[in-house]
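Observations on the three-dimensional arrangement
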Amino acid sequence: MKIALANDHTAVEYKKEIIAWLEEQGYEVLDLGTNEPISTDYPIWGEKVALAVVNGEAELGIGICGTGLGISLACNKVKGIRACVCSEPYTARYSRLHNNCNIICFGSRIVGPEMAKMILHEFLTTEFEGGRHERRVNEIMEIEGRNL
Ligand code: RB5
């Protein structure tokens, strides 16, 4: 499975361990940057990872900024994206099972790399349950269409 990953300056070193672990697990990682330890704006990186997912360059995406919040907000502005912020594995699991999230975000200043790996394990190995959740996810996406 191919996973797109983008981050701001807060995660340049941090994400190296995450990418190494993802590759060990057999995922192919599309690293969209930044790889420069220079202050940058998280919306740039949120849009990049979101576009990679909606354009089918990757199946799922990962966004990392200091808190995970800014980059998730940016991701969610791209039509077709359902990005969540997770700081623990339970929410990550349900973000797939019930919400069919296609991008997961977390904070490099909040979540240590070992917890990040547990979060990612749940997110990347859990399938959407469908059924009643499909209707609810469709209702979310219909809001996009009504509010252009
Ligand atoms: C950068 O200082 C910080 O604001 C950013 O990484 C992120 O946490 C924003 O939501």
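Refer to the preceding data block for the structure.
Residues numbered from 1 in each chain as written. Predicted model: local features only at pLDDT ≥ 70, side-chain atom pairs only at ≥ 80, totals over all residues. Heavy atoms only, no water.

Observations regarding the layout of surface pockets
- Of the pockets and cavities examined, the largest pocket occupies roughly 150 Å³.
- Lining the largest pocket, in full, are Asn76, Ile81, Arg82, Ala83, Asn99, Cys101, Ile140, Met141, Ile143 and Glu144.
- Ranked by the residues each element gives to the lining of the largest pocket, the list is headed by helix H6 (residues 132-146), at four residues.
- Taken together, the residues of the lining of the largest pocket sort by class into six nonpolar, two polar and two charged. (1 Å grid on protein atoms, 1.4 Å probe; cavity = no way out; pocket = protein on both sides within 12 Å on 5 of 7 lines; lining within 4 Å. Points joined across faces, edges and corners; volume = space filled by probe spheres on them. Helix = DSSP H or I, 4+ residues; strand = E, 2+ residues; numbered from the N terminus. Nonpolar A, V, L, I, M, F, W, Y, C, P; charged D, E, K, R; others polar.)

A closer look at the pattern of salt bridges
- Counted by the stated rule, this structure contains seven salt bridges.
- For aspartate 31, the salt bridge identified is with lysine 15, shortest N-O distance 2.9 Å. Remark: lysine 15 occurs in helix H1 (residues 14-24) and aspartate 31 occurs in strand S2 (residues 28-31); sequence separation between them is 16 residues.
- Using a relative accessible area of 1% as the deciding quantity, one classes lysine 15 as buried.
- Arginine 93 is the partner of glutamate 122 in a salt bridge, and the nearest nitrogen-oxygen pair spans 3.9 Å. Placement of the pair is glutamate 122 in helix H5 (residues 113-125) and arginine 93 in helix H4 (residues 89-97), with a sequence separation of 29 residues.
- Residue class for arginine 93 comes out partly exposed when judged on its relative accessible area of 36%.
- The network of salt bridges with common partners includes Glu17, Glu114 and Lys117. (Salt bridge = Lys/Arg side-chain N within 4 Å of Asp/Glu carboxyl O. Buried < 20%, exposed > 50% of the residue type's maximum accessible area, 1.4 Å probe, protein only.)

Some details on the sheet that holds strand S5 (residues 103-107)
- Strand order in the open sheet made by the five strands is S2-S1-S3-S5-S4, with parallel pairing throughout. In this open sheet, the two edge strands, each paired with only one partner strand, are S2 and strand S4 (83-85). Each neighbouring strand pair of the sheet contributes to a mean axis angle of 25°, computed without reference to strand direction.
- Where strand S1 (residues 2-7) lies against strand S3 (residues 60-65), five bridges are found, and the strand directions are parallel. Its bridge partner lying in S3, alanine 6 is registered against glycine 63.
- Sheet strands in contact with H5 are S1, S3 and S5, and its direction is about 170° off that of S5. (Pairing = 2+ DSSP bridges. Axes fitted to C-alpha atoms, helices over the stretch in contact; angles between N-to-C directions. Contact = heavy atoms within 4.5 Å.)

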